[in-house]
Amino acid sequence: ANKAVDYPFTVEPTMMNHTSQPKSSSTGGFAMLFTVLIVGLILSIAISISNLTLKQAVLSNLAKDSQIAFYQADAAVECGLYQDTALGLFPKGSTSGTVPPEFECGNRRMVLDQFQENTDQFTYTFADTNTTVPCFSIIFDKSSEPYRVQGFGYNTCTQSARQVERALEVKY
């Protein structure tokens, strides 16, 4: 005889779940943020160095082009002084009809700018101004004393954003 016993409470068996759950942690997000910051910093430094290198290359080319233009201006002044003082091609009171229409300067042919109608002021340029080689122009001015020879040097004869001009003037 099994008699049922009434207890004032009931006990039901439950199973305890002991599966391991990953712990909620903020270190995973911090590591990702730290990695992104470091990569960004390295990228920023690399871009800065590249920018500096590019600027240095541009400045170096500009210095080279400036030096070429300066030496062309120097050659123009020397050639102009030689044409005037040694050869006497530009006496006081000269006009565009009495000066030579062209002359040689450093194995290059210089031609008179025919658009000038001034007395005692003449401009000579390279005959072939449509080249990429360095060139120069010469201005003779005997309108007043002291007389002047101006030389304008260019790193390239073609007009461009990269063309550099340097000028020298000699008074005598």
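For clarity, every value in this text was computed on a predicted model and none was experimentally measured.

Undergrad: Give a description of the pattern of salt bridges that names residues and reports values.
TA: On inspection of all chains with the given rule, the structure shows six salt bridges. We note a salt bridge from R109 to E102, for which the minimum N-O separation is 2.9 Å. By relative accessible area, R109 is classed as partly exposed at 39%. Taking relative accessible area as the criterion, E102 reaches 39% and is therefore assigned partly exposed. Of the charged contacts in the structure, one is a salt bridge between R148 and E169, with a shortest N-O distance of 2.7 Å. With R148 in strand β5 (residues 148-154) and E169 in strand β6 (residues 165-171), the pair connects residues that are 21 residues apart, well separated along the chain. Residue R148 is classed as partly exposed on the basis of its relative accessible area of 25%. Taken together, the shared-partner salt bridges in this structure form one network comprising D141, R148 and E169.

Undergrad: Before we move on, can you summarise the sheet that holds strand β1 (residues 102-105) with the specific residues and values?
TA: An order of β1-β2-β3-β4-β5-β6 is seen for the six strands of this open sheet, with the pairing classed as antiparallel. Only two strands of the sheet have a single partner each, and these edge strands are β1 and β6. Geometrically, the sheet is characterised by an average inter-axis angle of 20 degrees between neighbouring strands, direction not taken into account. Here β1 runs beside strand β2 (residues 108-112); their pairing, made up of four bridges, is antiparallel.

Undergrad: Help me get a handle on the state of the cysteines, residues and values and all.
TA: All chains considered together, the criterion is met by two disulfides. The disulfide that involves C79 links it to C105, with 1.5 Å between the sulfurs. Of this pair, C79 sits in helix α1 (residues 27-86) while C105 sits in strand β1; the two residues are 26 residues apart in sequence, bridging distant segments of the chain. Given a relative accessible area of 9%, C79 falls into the buried group. Note on cysteine connectivity: C135 is disulfide-linked to C157, with sulfurs 2.1 Å apart. Taken together, the positions of C135 in strand β4 (residues 135-141) and C157 in the loop between β5 and β6 put the pair 22 residues apart, joining distant regions of the chain. A single burial state applies to C135 and to C157, both of which are buried. In the protein, numbering the disulfide-bonded cysteines from first to last in sequence yields the connectivity 1-2, 3-4.

Here is what the cut-offs are and how they apply
Residues numbered from 1 in each chain as written. Predicted model: local features only at pLDDT ≥ 70, side-chain atom pairs only at ≥ 80, totals over all residues. Heavy atoms only, no water. Salt bridge = Lys/Arg side-chain N within 4 Å of Asp/Glu carboxyl O. Buried < 20%, exposed > 50% of the residue type's maximum accessible area, 1.4 Å probe, protein only. Helix = DSSP H or I, 4+ residues; strand = E, 2+ residues; numbered from the N terminus. Pairing = 2+ DSSP bridges. Axes fitted to C-alpha atoms, helices over the stretch in contact; angles between N-to-C directions. Disulfide = S-S within 2.5 Å.

Spatial relationships are all this shows, so hold off on functional conclusions.
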